[in-house]
Amino acid sequence: MLTVVLAGLRARWAAFLGSFVALALGVGLLTTMGLGLSATFDPPERAPQRFAAAPVVVKGRDAVTVEVRRGPATATVSQKLDRPQAVDIELLGELKARWTVTTAGGPDAVGVHGPAAEVRTLVGDRARVLTGDERRFADPEPERDAEALVAVNALLGTAGGVTTFVSVFVVASTFAFAVALRRREFGLLRTAGATPGQVRRMLLAEAAGVGVLASAAGCALGGWAAPWLARVLVDGGLAPEWFAIGGAAWPFHVAFWTGVTVALAGAFAASRRAGKVGPADALRDADVDRDVLPLGRALLGTGLLVTGAALLVWTCVTEPSELLKRKTYTTVPMLLITGVALLAPVLVGPVARAVRLPGATGMLVRENSAAAVRRTAAVAAPVLVTVALAGSLLGASATVTSTKAAEAREQTRAEWVVTGDDLRPVPGTSATGATSVFVRDGEEALVKYGARAVSDPAAFAELSRLPVVAGDVADLDDRSIVVNEEFERRTVGDVVEVWRADGSGPVRLRVAAVLALGTGDNGPYVTRANAPGAVVDRIDARGVGARAGASPEPRAEAAGTVQGVDAEAPAAAAGTVQGVDAEAPAAAGRTVRSVDAEALAAAGGTVRSVEDWAAAAHPASSPEARLGLLLVLGIALVYTVIALANTLLMATSVRGAELAALRLAGATRAQILRVVTGESALAVAIGTALGLTVTAACLAVQGAALAALSAPVSLTVPWTAVGAAAATCALVAATASALPAWRATR
């Protein structure tokens, strides 16, 4: 048996080359991603900087701690405050009375030169006592290193998942197609006395040999590529400058054994089919495929398709907001993609016959594609995977972003929006700032909500256009709160216990209005009285002049640079006014009055029209997001290229007799090349159509989820990316089929 396996590997090295390259690349990528992930688990331990000379640090309260119920007993849960609170004045006096106390950069923490045990006894539960390396938690942004790696961890995890998914699919498809081309060989082996078990073991041994060699090569490739990936992530702004690959060994073990397992799993189904080949198949020489969809593949494909569709619909009905999260719209479409790809052999035949191509060449293309279902499906399936991934991932991401921008535009009646840090309020405008509130979720949890602090509730109510489902935003005052449908208590008039951003509370606030959940940015809203420490970071304004229809006339001494208003206006201001309509009407006789450009620029921030502000706040794509998606989709495209080239090289190389018969029938060499390349182009077109079908289904369900959340539906199909992927596949397929056909017809 071993002699037969080794002889087969030597004789058919070209047929195994595609599987070897795909598997080696997959293991290499898994090794690279694993090494990158291992580097994200442990950010560097930075030495204390702010209080490096003090042996003990007393830090003000930096979390809200609430007692909750855990079954029959109780426990405490904590949520981090946006900023730590100042050390209590009384406690600070007691510390100074006994030891030397140093301050550095703010009242939230002090250094104490005294015994740690005695300091802890004195402080008790009034503050947090830090010693040793824990003193770094008093430095500015102590968790910045761990937070900087969150995006890297998510990106590499997604890329690793896509790599595993596509590599399993490509390797399994390659082995299955190779088995279909070797039916006569297996029939000869059965005629010579080989048992079905021996045929299966031979194929599994071939897969094991390819898997071990490819996995070893992939581990070496991944170890070489990991430092390069780290540099790309740092240069692209996805990782902090100090990010580097460590010396972890577990990624090599995981990648190697995953590669071997993938090879064996990919060959397992094919080996079972090969074992069923009978001796009579040695005499069969038909080009029309039979039994193209075994029962097991049909059941698996149908199960995955139904599961993916049901999961999408169920999520849309029960938790529509989940469909706006990357982890959901990245993973769920893979079930649909795999299901459709497995069922491709029964889909490509009817689609190919439905195509009407002109002339004798077109007829041959159509009939050959419909007859050779395995070959057509083997070409269409990887194209389907790439197009569907590009369409669903990029489309879902772009849809969420464009919907957020549309939602932001719809929720304000303002004409200008000023943004910046610590803006100076402008009379007659609506000023808000970021804050947080902490609310009990039942009896078992404490939830932190990002909220907005409203300076002038009347102006806010007049300029906002929020998706209110109950109540009235105009009723917001210092004793009330505007919540969204995510709150447990969301009936107008209900009382909600709230802890403020500085940890003070609880305070009992009445629900004044309830908002639709939307894309997740709808509330809650409180007044400045319930948002200690909040600063104005956004100003909404209406009008461009002191009276209706007036045009702004900025002067050189204005506090901000005015752009897009008057071409001659001097640039002497601290902010920027962009996209202002000089003819916009002003609102008169109400809480909100018209404000000129000079007054807005004096607020100290950047002034934009609502359209420009929404586009800037929710850009279509950031460089970091583009780099991440390029990495993920690049993996899928590379695998597709390998699969197409390998499949078509194998398929066309065994069509010598068929092509010779066409020559004897009078076909010219050019006509034969057109037939072969036309078949590959048709298969790519079928794969693209199936991929777009999956994309349409995913985006349609996401659109239904947005509608259920009362958010504006702004579906976006990434036609450029999908077209580029399909064009690349078509070019590779045409080349990989034309070259062996040209050689066979010399």
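Structural data are supplied above this passage.
Since we're looking at a predicted model, the values are computed, not measured.

In space, the four strands of this open sheet follow the order β4-β5-β1-β6, with antiparallel pairing throughout. Strands with a single pairing partner mark the edges of an open sheet, and in this sheet they are β4 (100–103) and β6 (128–131). On average, each strand axis in the sheet is inclined to that of its neighbour by 30°, with strand direction left out of account. The sheet contact formed by strand β1 (residues 56–59) and strand β5 (residues 109–113) spans four bridges and is antiparallel. Bridging from a neighbouring strand, Val58 pairs with Val110 of β5. Strands β1, β5 and β6 of the sheet are contacted by helix α4 (residues 116–123), whose axis makes an angle of about 170° with β6.

Attention now goes to the pattern of salt bridges. Using the criterion set out here, one finds 14 salt bridges in the structure. Here Asp62 makes a salt bridge to Arg128, at a shortest N to O gap of 3.1 Å. Separated by 66 residues along the polypeptide, Asp62 in the loop between β1 and β2 (63–70) and Arg128 in strand β6 bring together distant segments of the chain. In this structure, the salt-bridge partner of Lys325 is Glu322, at a minimum N-O distance of 2.8 Å. Residue Lys325 is classed as partly exposed on the basis of its relative accessible area, which comes to 37%. Taken together, the shared-partner salt bridges connect Lys59, Asp62, Lys80 and Arg128 into one network.

Looking now at the packing of helix α20 (residues 669–708) against helix α21 (residues 719–744). Between α20 and α21, the least distance of the axes is 9 Å, while the angle of their chain directions is 150°. On the basis of the axis angle, α20 is roughly antiparallel to α21. The interaxial crossing formed by α20 with α21 has right-handed handedness. Along the contact surface, α20 presents Arg669, Leu673, Val676, Thr677, Ser680, Val684, Thr688 and Leu692, while α21 presents Trp719, Val722, Ala726, Cys729, Ala730, Ala733, Ala734, Ser737, Ala738, Ala741 and Trp742. Looking at the contact of α20 with α21 residue by residue, the class counts come to 14 nonpolar, four polar and one charged.

Let us now look at unusual backbone geometry. Phi is positive for Asp422, close to 55°, though the residue is something other than glycine. For Asp422, a relative accessible area of 53% gives the class exposed. Although it is not a glycine, Ser710 adopts a positive phi angle of roughly 60°. Along the chain, the position of Ser710 falls in the loop between α20 and α21.

A cluster of nonpolar residues, Leu17, Phe20, Val21 and Leu213, forms a patch on the protein surface that exposes about 330 Å² of accessible area. Ranked by residues supplied to the nonpolar patch, first place goes to helix α2 (residues 13–41) with three residues.

Judged by which residues are buried, β1 turns out to be covered on both faces: Val56 and Val58 on one side and Val57 and Lys59 on the other are all buried. Pairing geometry for β1 and β6, over four bridges, is antiparallel. When the sheet's bridge partners are listed, Val57 is paired in β6 with Leu130.

Let us now look at the packing of aromatic side chains. A full pass over the atoms with the stated rule returns three aromatic pairs. Between Phe256 and Trp257, the aromatic rings sit 5.0 Å apart at their centres with planes inclined by 90°, giving edge-to-face as the arrangement. Judged by relative accessible area, Phe256 falls into the buried class, the value being 19%. Plain terms: the ring middles of Tyr449 and Phe487 are 4.3 Å apart, the flat faces sit at 20° to each other, and that makes the pair stacked. Note that Tyr449 is positioned in strand β9 (residues 445–454) and Phe487 in the loop between β11 (480–484) and β12 (495–499), a separation of 38 residues in sequence. The exposure class of Tyr449 is buried, given its relative accessible area of 12%. Positioned above the aromatic ring of Phe137, the side-chain terminus of Arg128 is 5.3 Å from the ring centre. The ring of Phe137 carries Arg136 above its face, with NZ or CZ at 4.6 Å from the centroid.

Conventions we followed
- Residues numbered from 1 in each chain as written.
- Predicted model: local features only at pLDDT ≥ 70, side-chain atom pairs only at ≥ 80, totals over all residues.
- Heavy atoms only, no water.
- Pairing = 2+ DSSP bridges.
- Helix = DSSP H or I, 4+ residues; strand = E, 2+ residues; numbered from the N terminus.
- Axes fitted to C-alpha atoms, helices over the stretch in contact; angles between N-to-C directions.
- Contact = heavy atoms within 4.5 Å.
- Salt bridge = Lys/Arg side-chain N within 4 Å of Asp/Glu carboxyl O.
- Buried < 20%, exposed > 50% of the residue type's maximum accessible area, 1.4 Å probe, protein only.
- Parallel < 35°, antiparallel > 145°, perpendicular 65-115°, else oblique.
- Left-handed = near helix turned anticlockwise from the far one by under 90°.
- Nonpolar A, V, L, I, M, F, W, Y, C, P; charged D, E, K, R; others polar.
- Patch = residues over 30% accessible without salt bridge, like charges linked within 9 Å, V, L, I, M, F, W, Y side chains within 5 Å.
- Areas by Shrake-Rupley, 256 points an atom, 1.4 Å probe, with all protein chains shown as cover.
- Phe/Tyr/Trp six-rings, centres within 6.5 Å; stacked < 30°, edge-to-face > 60°.
- Lys NZ or Arg CZ within 6 Å of the ring centre and 35° of its normal.

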